[in-house]
Each structure stands twice: as C-alpha cells, then as structure tokens.
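# Structural characterization, general
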Amino acid sequence: MRATKNPLETPLTKEFGLQYPIVSFGHCRDVIVEVCNAGGMGVFGVAGLSPEEIDIELKWIEERVGGKAFGVDVIVSGSMPQTGTMEEFEAQIPPGHWAWIEKLRKEFNIPNTRLPDGTVIGGRVRQERVATQESAREQLEVLLEHRVPLFACAQGNPAFIIPEMHARGVKVLGLIGLVRQAVREHQAGIDYIVAHGQDGGGHCGPIGTFTLTPQVARACAPTPVLAAGGVGCGRQVAAALMLGAAGVWTGTAWLTAKEHDIEPWYQEKVLAARSEDTVRTNWGDGAFRRHVASRIDERWAQPDAPPILPRPMQSILTRELTLQIHDNKVENVYYPIGCGQTAGLLNEVKPARQILDEWVNECLEAFEQYGLLT
Ligand SMILES: Cc1cc2nc3c(=O)[nH]c(=O)nc-3n(C[C@H](O)[C@H](O)[C@H](O)COP(=O)(O)O)c2cc1C
C-alpha cells in the first residue's frame, strides 16, 4: 500500500501552517525564530523572566517570524504556592538543610562568591524571582495581550485558564509525564498534549517516551499528542508518528544549535555527554528533572542528605550553591546542566535550520524504506 498523502502533514501542521510536525522548545529566541522560519515551530520558554522582559522578547520574535506560528511556555505548577515573598519562604527552610548546603560547600571547595543579580548569562538577565501562582499569572497576562498562537503549560494543569486563552484565540498545550495527567487535561478541553518521557532533558516524569506516547494518544483521542523526550534524529520523528503522535516536541538538540546563546562550556558538556551521563534527580527544585550528572548528584543520593523540601523552598535552598558552582566553574561538580539522554546522538554544533532539514530528510528516508512514500 502506498501513501497518498504527505506523512508529515498532521493536525499540528494543518492548524499552525507548518511544513514539519517538529516543535523546538528553548530559552534562546534566535533558535525559536530560526526554527519557525525553517518550517517547524519554536516554543519560547519564559521561566524566570519578568512580564516586562516577556513583552520585549515576544515583540522581538513577532517582528522576525513574519506571522508564522510560535509558542510560549510558562511554568505553572500545582505544587507552586499561591503567593509569598523570598523572605517568607526562606524562613520555612529548616536550619539542618542550610547546614547540609554548607557541608557540600566545604566538601567540594565551592567558593562563597557569585556574579551579582542583573548579570547577563546565556542571553538572560539573572534576577532573583520566586515562582508562585501569582507570578505565573502575571506572565500569562502578557501571552493574552499578545494573543500568541500557542501557550504551552509546563507541569501543571492549565484548566483554570483554557477558556480565557481560547477567547483570545490562543491554543493551549500541556506537558505531562503520566497518562492520568493527560486525561485530566484532555477532559479540561486542552488543544494539544505533550507526552514527555523520562529520557528528556529538564523536568520529566518517570515513564519512557516509547511507553507513554501510544497510551496518551489512545486515552486522549482525538486531542493531538506530541512525543517528547529523547528525540534527536529523523528516524525518531518517523517513529513518533508511528506511535500515534501528531509530531515531536524537542529540547536538548537545540542546545547544540549554532545560533544558541548558551555559554560555550555548557554546549561542550552537552556535546560530550553520552546518554548514560545524564541523571534524573529532584534536589534542584523539588520536581524531577534530567541533567548532566555530577558529583553533587551522588551526594544528594546518600543517607546524610536531608529530605527534599516542597516548592519553592527546595530551589531557594539550592539556588545560591548552584550559582556559585556555575560562576566559579567548580571542576567536576558542575552546575546541573539540563540535558536529555538524546545527548548521545548530538556530537557537533550545527545551524538550527540544518538540524531540522537533516531530521526531515532522515524521517522521509525511513518512510521511503518501508514503501510509505509515493
Ligand atoms: C535545558 C532545558 C531546560 C528546559 N526547561 C523547560 C521549561 O522551562 N519548560 C518546559 O516546559 N520544558 C522545559 N524543558 C523540557 C523541554 O520542554 C522538552 O520537553 C524536553 O527537552 C524534551 O526532551 P529532549 O530534551 O530529549 O528533547 C527543558 C529542557 C532542557 C533540556
């Protein structure tokens, strides 16, 4: 049997006018614009940005994509408190936890200095911001004002804002790590679901992408599902479509794009990492996320480590130490570099457009190999 239609045409490409069902997530606006202009869809992560900064970044992107669709990703999690100040949360951290941080500092010779807030790192102004439902809501207001084509909700259930987003013509996507989370969002009327497998970089659930994607696609039909976690080549794009996905959602691969503004040492770590060099831990902010493993991960796994605190206390506890590791480039401890297992596939820096083109060509070759192309 021969295909009579383009296998890369899916509900995602039709809705947003894309050439390819490939979404790139990232914090670098240049890569987002490149991917949008090359036929995919870029989704810009605004974690840590103020509403004013988001407004500036969205204007910058809008001016360069010529009306093409893009998305904006906001971290809204049910485990974030409603409101509160840094001082209030700090006061809730037990003294024993601070003592543990001091112990780590001594063991790893981490200098007690760091670059001041306001320093620009990887294209972003570093600033002290505590993530609450209230601060996320302020970020979401900017998306509503801009009527962005897509709002991607990292972690939490965006049910509370779906009607408002829809009223402004904004489609809503939710990232999930478990089938039951997907079903909840599907029932709330979400437009797209990202089945985020545990292979992926950044926050991710406990289930592998290959296992999770078809379950979510079945449970949430006809809501389109995108497969995420471990996608770093064209054969995986073809496989994701075969699993019932309407496309792929990718992150780690774009850290190796030529246009990316990440620090060179960070990019080198991702390029050098093998799949087995990453680890999924929750000591950073209380939620599990995958990054390049370091000696500090081993310490948090030992019996003298204190229990993980609820959000946002855990990130307030670890923030100063991780920044000091980063700023002083403490050898072999290293700042937890967000990175998925797909790092094993990524060995050289390439322009974003080339990454996309290579994936598309390899995907089509795979379809052709099995006689699925006319
Ligand atoms: C460095 C890094 C930071 C990330 N930050 C976020 C984030 O702020 N919001 C989000 O929804 N996903 C975030 N993710 C996860 C991505 O959206 C995506 O689901 C994941 O990278 C897909 O797996 P892959 O890394 O194997 O491509 C991040 C991923 C990486 C690598």
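Anything mentioned here points back to the structure above.
Below is a short write-up of the structure. Keep in mind that this is a model prediction, so the values were computed, not measured. (Residues numbered from 1 in each chain as written. Predicted model: local features only at pLDDT ≥ 70, side-chain atom pairs only at ≥ 80, totals over all residues. Heavy atoms only, no water.)

### Side note on the site of the ligand
Under the convention used in this document: Residue proximity to a molecule or strand is established when one non-hydrogen atom of the residue lies within 4 Å of it. Any pair of N or O atoms that falls within 3.5 Å is considered a polar contact. Within protein, one atom must be able to donate a hydrogen and the other to accept it, and sequence-neighbouring residues count only if both atoms are side-chain atoms. In this description, accessible areas are obtained by the Shrake-Rupley approach with a 1.4 Å probe, and a residue is regarded as covered only by the protein chains that are shown. Starting at the N terminus, helices and strands are each numbered in turn, a helix being any DSSP run of H or I of at least four residues and a strand any DSSP run of E of at least two. Throughout this entry, Asp, Glu, Lys and Arg are counted as charged residues, while Ala, Val, Leu, Ile, Met, Phe, Trp, Tyr, Cys and Pro are counted as nonpolar. The remaining residues, Gly among them, count as polar.
Around the ligand sit 19 residues in total, of which Asp73, Gly230, Trp249, Gly251 and Thr252 are the nearest. Measuring from an oxygen atom of the ligand, one finds a side-chain N or O atom of Asp73 at 2.7 Å. For the ligand, whose accessible area on its own is 600 Å², the fraction buried by protein is 92%. At the level of secondary structure, the elements contributing two or more residues to the shell around the ligand comprise β3 (71–76) and β11 (247–250). Taken together, the residues of the shell around the ligand sort by class into six nonpolar, twelve polar and one charged.

### Observations regarding the packing of aromatic side chains
The test is simple: The aromatic pairing rule takes the rings of Phe, Tyr and Trp, using the six-membered ring of Trp, and pairs them if the centres are within 6.5 Å, calling planes under 30 degrees apart stacked, those over 60 edge-to-face and the rest tilted. Burial classification: accessible surface area is computed with a 1.4 Å probe over protein chains only, and a residue below 20% of its type maximum counts as buried, one above 50% as exposed, and the rest as partly exposed.
Here the structure, examined in full by the defined rule, presents six aromatic pairs. Each ring, one from Trp100 and one from Trp300, has its centre 5.5 Å from the other, and the planes form 75°; the classification is edge-to-face. Highlighted residues: Trp100 in helix α5 (residues 95–107) and Trp300 in helix α12 (residues 295–300), separated in sequence by 200 residues. Across the pair, Trp300 and Trp100 agree in class, each one buried. The structure contains a cluster of three or more aromatic residues connected by ring pairs, namely Trp100, Trp283 and Trp300.

### Description of the side chain of Arg290
Rules: Only four residue types enter the tally: Lys and Arg on the positive side, Asp and Glu on the negative side; His and the chain ends are excluded. Just to be clear on terms, a salt bridge is a Lys or Arg side-chain nitrogen sitting within 4 Å of an Asp or Glu carboxyl oxygen.
Along the chain, the position of Arg290 falls in strand β13 (residues 289–292). No salt bridge is formed by the buried Arg290. Its closest oppositely charged neighbour is Asp199, at 6.4 Å. Reaching out from Arg290, the side chain makes a polar contact with the backbone oxygen of Gln198 at a distance of 2.8 Å. Engagement of the side chain of Arg290 in a polar contact is seen with the side chain of Thr278, the distance being 3.1 Å.

### As for the pairing of β13
What counts is decided by this rule: In this description, strands pair whenever DSSP reports at least two bridges between them.
Note: strand β9 (residues 202–203) against β13, two bridges, orientation antiparallel. Among the inter-strand pairings, His203 is bridged to a residue of β13, identified as Arg289. When strand β12 (residues 278–281) meets β13, the two strands line up antiparallel, connected through four bridges. Along β13, the bridge assignment pairs Thr281 with Arg289.

### What to know about the sheet that holds strand β7 (residues 171–176)
What counts, and what does not: Lines fitted to C-alpha atoms define the axes, with helix axes restricted to the stretch in contact, and inter-axis angles between N-to-C directions lie between 0 and 180 degrees. In this description, contact between two residues means that some pair of their heavy atoms is separated by no more than 4.5 Å.
Taken in spatial order, the eight strands of this closed barrel run β1-β2-β3-β6-β7-β8-β10-β11, and their pairing is parallel. Strand-to-strand twist in this sheet, taken as the mean axis angle between neighbours without regard to direction, amounts to 25°. Across four bridges, strand β1 (residues 22–26) lies against strand β2 (residues 41–45) in parallel orientation. Following the sheet pairing, Phe25 is matched in β2 by Val43. Helix-sheet contacts for helix α9 (residues 209–220) involve β7, β8 (192–196) and β10 (225–228), and the interaxial angle to β8 is about 155°.

### Observations concerning a nonpolar patch on the surface
Formally: Residues enter a patch when their relative accessible area is above 30% and they make no salt bridge; the linking distance is 9 Å between like charges and 5 Å between nonpolar side chains (Val, Leu, Ile, Met, Phe, Trp, Tyr).
On the surface, a nonpolar cluster with roughly 340 Å² of combined accessible area is contributed by Met242, Tyr370 and Leu372. One can find Met242 in helix α10 (residues 234–242).

### Let's talk about the packing of helix α2 (residues 29–37) against helix α14 (residues 352–369)
Basically, it comes down to this: Any angle that is under 35 degrees is reported as roughly parallel, and any over 145 degrees as roughly antiparallel; angles of 65 to 115 degrees are reported as roughly perpendicular and all others as oblique. Throughout, a crossing is termed right-handed when the near helix is turned clockwise from the far one, and left-handed when it is turned anticlockwise from it by less than a right angle.
At a minimum axis separation of 9 Å, α2 and α14 run at an interaxial angle of 45°. Relative to α14, α2 is oriented oblique. Crossing hand, α2 versus α14: right-handed. For the pair formed by α2 and α14, the contact residues are Val31, Glu34, Val35 and Asn37 on the first element and Ala352, Arg353 and Leu356 on the second. Partitioning the contact of α2 with α14 into residue classes produces four nonpolar, one polar and two charged.

### Structural notes on the sheet that holds β9
Sheet architecture is open: three strands sit in the order β9-β13-β12, paired in antiparallel fashion. This sheet does not close on itself; its edge strands, each paired only once, are β9 and β12.

### Quick word on the environment of Ile355
Relative to the helices and strands, Ile355 is located in helix α14. As a C-alpha pair, Ile355 and Gly234 span 121 residues in sequence and 9.5 Å in three-dimensional space. Not counting residues within four places of it along the chain, the set of residues in contact with Ile355 comprises Ala253, Trp254, Thr256, Ala257 and Lys350.

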